[in-house]
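The residues making up each chain are set out below.
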Amino acid sequence: MGSKREIVFITTNSHKVKEIKALADSESRNITIVHRNYEYPELQLEGIEEVVKASANYIRKKMAIKNPFFIEDSGLFIHALYGFPGTFSAFVFKKIGNEGILKLMADKKGEERKATFKTAVAFCESQNKEPVLFVGTAQGKIAEEICGSGGFGYDPIFEFEGKTFAEMSTEEKNSVSHRSRAFRKLLDYLS
Ligand code: ITT
């Protein structure tokens, strides 16, 4: 068995770490995820790809991270609300939470409840290399009510094939989620 390669994941969100570590272990690709709980600036840009790229460039130029590292930015895009909360997902979650989103969606039926979860991962091999981006999406809908106690953030209102993400185990969510789809692309790139 070859030696494991260490990749640093920079995030303040421990739920993301749990999902990514479970995924890295289950894929057995000789990658060890090392978590660093650092905050970094997130510019308010047009899309999450632009946001994550700007943040990764900030980190590689201003913070002394020795190992290859990645960060990720995720957002919930509700079709009937023209992509809201999108890049404002963290702010909106803090301000109005899942109850607030359900209120905004009160008059929306069927297809109108469609939503996309999106993750953009930015990986930096070294301090002098531009970040490489990987994007993953999950198509679902906004549930009629809060359901489930697992996961985090918008999971209790994001329904995927009849179940919310909060009703799924980490493994189940990882088999279909936006984050797992983006992260698997990074694993493919690394191997
Ligand atoms: P870092 O930026 O430090 O990684 P964060 O929690 O601020 O952590 P994001 O900006 O990517 O992460 O998250 C935006 C919002 O979307 C935030 O409120 C999260 O709780 C929520 N979110 C992200 N991924 C999610 C997921 O898989 N399921 C449910 N909600 C999610």
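Up top is the structure these notes are about.
Quick caveat: nothing in here was measured; it's all calculated off a predicted structure.

**Some points on the packing of aromatic side chains**
In this structure the tally under the stated criterion is 9 aromatic pairs. Taken together, a centroid distance of 6.1 Å and an interplanar angle of 70 degrees make the contact between Phe 123 and Tyr 189 edge-to-face. You can see Phe 123 sitting in strand 4 (residues 114-124) and its partner Tyr 189 sitting in helix 5 (residues 178-190), a full 66 residues away along the chain. On the basis of relative accessible area, Phe 123 is assigned to the buried category, the value being 0%. A network of ring pairs unites the aromatic residues Phe 117, Phe 158, Phe 160 and Phe 165 as a single cluster. If you follow Lys 118 out to its NZ or CZ, it ends over the ring of Phe 77, 5.9 Å from the centre.

**Quick word on the pattern of salt bridges**
The final tally for this structure, using the stated rule, is 16 salt bridges. With its nearest N and O atoms 2.8 Å apart, the salt bridge here joins Glu 19 to Arg 179. Taken together, the residues span a long stretch of sequence, with Glu 19 in helix 1 (residues 14-27) and Arg 179 in helix 5 at a distance of 160 residues. Residue Glu 19 is classed as buried on the basis of its relative accessible area, which comes to 5%.

**Focus on the sheet that holds strand 6 (residues 158-160)**
Strand order in the open sheet formed by 7 strands is 2-1-3-4-5-6-7, with mixed pairing between adjacent strands. Every other strand in the sheet has two partners, leaving strand 2 (31-36) and strand 7 (163-164) as the edge strands with one partner each. Pairing of strand 1 (residues 5-10) with strand 2 involves 6 bridges; the strand directions are parallel. Across the sheet, residue Glu 6 finds its bridge partner in strand 2, namely Thr 32.

**Quick word on the layout of surface pockets**
By volume, the largest pocket is sized at about 840 Å³. For the largest pocket, the lining is made up of 33 residues, of which Asn 13, Lys 16, Glu 42, Asp 73 and Ala 90 are closest to its centre. Only strand 3 (69-78), helix 3 (89-104) and helix 5 provide two or more residues apiece to the lining of the largest pocket. A class-by-class count of the residues in the lining of the largest pocket yields 13 nonpolar, 11 polar and 9 charged.

**Thoughts on the nonpolar core**
Ranked by internal contacts, the top residues of the largest apolar core, which has 18 residues, are Leu 76, Ile 78, Ile 101, Ile 142, Phe 158 and Phe 165. Counting residues per element, the ones that place at least two in this core are strand 3, helix 3, strand 4, strand 5 (132-142) and strand 6. Examining the composition of this core, we find that 3 residues originate from one element, helix 3, more than from any other. Filtering out sequence-adjacent residues up to four positions away, Phe 158 remains in contact with Leu 76, Ala 115, Thr 116, Phe 117, Ala 138, Gln 139, Gly 140, Lys 141, Lys 163, Thr 164 and Phe 165.

**Looking at the environment of Asn 174**
Here Asn 174 is to be found in helix 4 (residues 170-176). A relative accessible area of 4% places Asn 174 in the buried class. Along the sequence, Asn 174 and Ala 22 sit 152 residues apart, while their C-alpha atoms lie 8.3 Å from each other. Non-local contacts of Asn 174, meaning those with residues more than four positions away in its chain, are made with Glu 19, Ala 22, Leu 23, Ser 180 and Arg 184.

**Brief notes about the site of the ligand**
Around the ligand, the surrounding shell holds 20 residues, and the nearest of these are Thr 11, Thr 12, Lys 16, Asp 155 and Lys 173. For the ligand, an oxygen atom lies 3.1 Å from a polar atom in the side chain of Glu 42. Calculation on the ligand without its partners gives an accessible area of 610 Å², and the protein chains cover 89% of this total. Because more than half of its atoms lie within 2 Å of the grid, the ligand is assigned to the largest pocket.

Cut-offs and rules
Residues numbered from 1 in each chain as written. Predicted model: local features only at pLDDT ≥ 70, side-chain atom pairs only at ≥ 80, totals over all residues. Heavy atoms only, no water. Phe/Tyr/Trp six-rings, centres within 6.5 Å; stacked < 30°, edge-to-face > 60°. Helix = DSSP H or I, 4+ residues; strand = E, 2+ residues; numbered from the N terminus. Buried < 20%, exposed > 50% of the residue type's maximum accessible area, 1.4 Å probe, protein only. Lys NZ or Arg CZ within 6 Å of the ring centre and 35° of its normal. Salt bridge = Lys/Arg side-chain N within 4 Å of Asp/Glu carboxyl O. Pairing = 2+ DSSP bridges. 1 Å grid on protein atoms, 1.4 Å probe; cavity = no way out; pocket = protein on both sides within 12 Å on 5 of 7 lines; lining within 4 Å. Points joined across faces, edges and corners; volume = space filled by probe spheres on them. Nonpolar A, V, L, I, M, F, W, Y, C, P; charged D, E, K, R; others polar. Core = buried A, V, L, I, M, F, W, Y, C linked by side-chain atoms within 4.5 Å. Contact = heavy atoms within 4.5 Å. Near = heavy atom within 4 Å. Polar contact = N/O pair within 3.5 Å; in protein donor to acceptor, adjacent residues only side chain to side chain. Areas by Shrake-Rupley, 256 points an atom, 1.4 Å probe, with all protein chains shown as cover. Sits in = over half its atoms within 2 Å of the grid points.

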